[in-house]
Amino acid sequence: MSARIDTAQPYAIGLFRIVVGLLFACHGAASLFGVLGGAGGKGGTIDAGTWPGWYAAAIQLVCGTLVLLGLGTRAAAFLASGSMAYAYFHVHQPHALWPMQNGGEASAMFCWAFLLLIFTGSGALGLDRLLSGRTSPPQREAAAPKATVSA
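All of the points below concern the structure found in this document. (Residues numbered from 1 in each chain as written. Predicted model: local features only at pLDDT ≥ 70, side-chain atom pairs only at ≥ 80, totals over all residues. Heavy atoms only, no water.)

Before going further, it helps to examine the overall build of the protein chain. Helix and strand counts for the protein chain stand at six helices and zero strands. Ordered by position from N to C terminus, the α and β elements of the protein chain give α-α-α-α-α-α. Within the protein chain, the fraction of its 151 residues that count as buried is 32%. A fraction of 63% describes how many contacts in the protein chain between residues 6 or more apart in sequence connect residues 24 or more apart. Of the roughly 9,700 Å² of accessible surface on the protein chain, a fraction of 69% belongs to carbon and sulfur atoms. (Helix = DSSP H or I, 4+ residues; strand = E, 2+ residues; numbered from the N terminus. Buried < 20%, exposed > 50% of the residue type's maximum accessible area, 1.4 Å probe, protein only. Contact = heavy atoms within 4.5 Å. Areas by Shrake-Rupley, 256 points an atom, 1.4 Å probe, with all protein chains shown as cover.)

Moving on: the layout of surface pockets. If you add up the space inside the largest pocket, you get close to 520 Å³. Contributions of two or more residues to the lining of the largest pocket are made by helix H1 (2–33), helix H2 (53–69), helix H3 (73–92) and helix H5 (105–120). (1 Å grid on protein atoms, 1.4 Å probe; cavity = no way out; pocket = protein on both sides within 12 Å on 5 of 7 lines; lining within 4 Å. Points joined across faces, edges and corners; volume = space filled by probe spheres on them.)

Within the largest apolar cluster, 16 residues are counted, with the highest numbers of intra-cluster contacts made by Phe24, Met84, Phe110, Phe114 and Leu117. Sort the elements by how many residues they give to this core and H5 lands first, with six residues. Among all residues touching Phe24, those that are not within four sequence positions of it are Ile59, Gln60, Gly64, Ala80, Ser83, Met84, Phe110 and Phe114. (Core = buried A, V, L, I, M, F, W, Y, C linked by side-chain atoms within 4.5 Å.)

Another aspect to go through is unusual backbone geometry. Of note, the amide linkage connecting Trp51 to Pro52 takes the cis form, showing an omega dihedral of -10 degrees. Counting through the fold element by element, Pro52 comes out in the loop between H1 and H2. The phi angle at Leu36 is positive, at roughly 55 degrees, despite the residue not being glycine. Of the residues examined, Leu36 reaches a relative accessible area of 66% and is grouped as exposed. The backbone of Leu125 shows a phi angle near 70 degrees, a positive value even though the residue is not glycine. When you line up the elements, Leu125 lands in the loop between H5 and helix H6 (127–131).

What follows is about the packing of aromatic side chains. In this structure the tally under the stated criterion is seven aromatic pairs. For the pair Phe24 and Phe114, a centre-to-centre distance of 4.7 Å together with 65 degrees between the ring planes defines the contact as edge-to-face. Of this pair, Phe24 sits in helix H1 while Phe114 sits in helix H5, placing them 90 residues apart in sequence. Both residues of the pair, Phe24 and Phe114, count as buried. Three or more aromatic residues joined by ring pairs make a cluster, and in this case those are Trp51, Trp54, Tyr55 and Tyr86. (Phe/Tyr/Trp six-rings, centres within 6.5 Å; stacked < 30°, edge-to-face > 60°.)

Here the focus is the side chain of Ser107. Examined against the element boundaries, Ser107 turns out to sit in helix H5. In contact with Ser107, not counting residues within four places along its chain, are Met84, Ala87, Tyr88 and His92.

The next thing to look at is a nonpolar patch on the surface. Taken together, the side chains of Trp51, Tyr55, Tyr86 and Val91 make up a nonpolar region of the molecular surface, amounting to roughly 430 Å² of accessible area. Of note, Trp51 is situated in the loop between H1 and H2. (Patch = residues over 30% accessible without salt bridge, like charges linked within 9 Å, V, L, I, M, F, W, Y side chains within 5 Å. Salt bridge = Lys/Arg side-chain N within 4 Å of Asp/Glu carboxyl O.)

Okay, here's the thing in structure tokens:
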């Protein structure tokens, strides 16, 4: 059973990446374009160039889309994770200690999800893999070194 789960791991990571990237990009699109409920769920948009909201929304849209597509996943996830750490500690945390009290659950979850993607990479189903010429997830090498046979 464990071997089956291990072979599905790149696909599970790929699906995780797609969902997290899509949700993050939707936050950015809502704030920048007023779609999906708009900024703060009130149908509006954030004024262009305002700090930090407009820049956060631009990072959300661009990095979310890159992560969704699996294109430059590690770099985009690094920037996205850092922006969510900033959002948590500079926007939410001053109001209360715990995310449940300060409204920072989404920032904390996105921060940790993107941090995970920095270390796992895009998994399967990403454009990085397609553009590099690899069509299937890399196979794990056996733990024991292979012996060479000579005749």
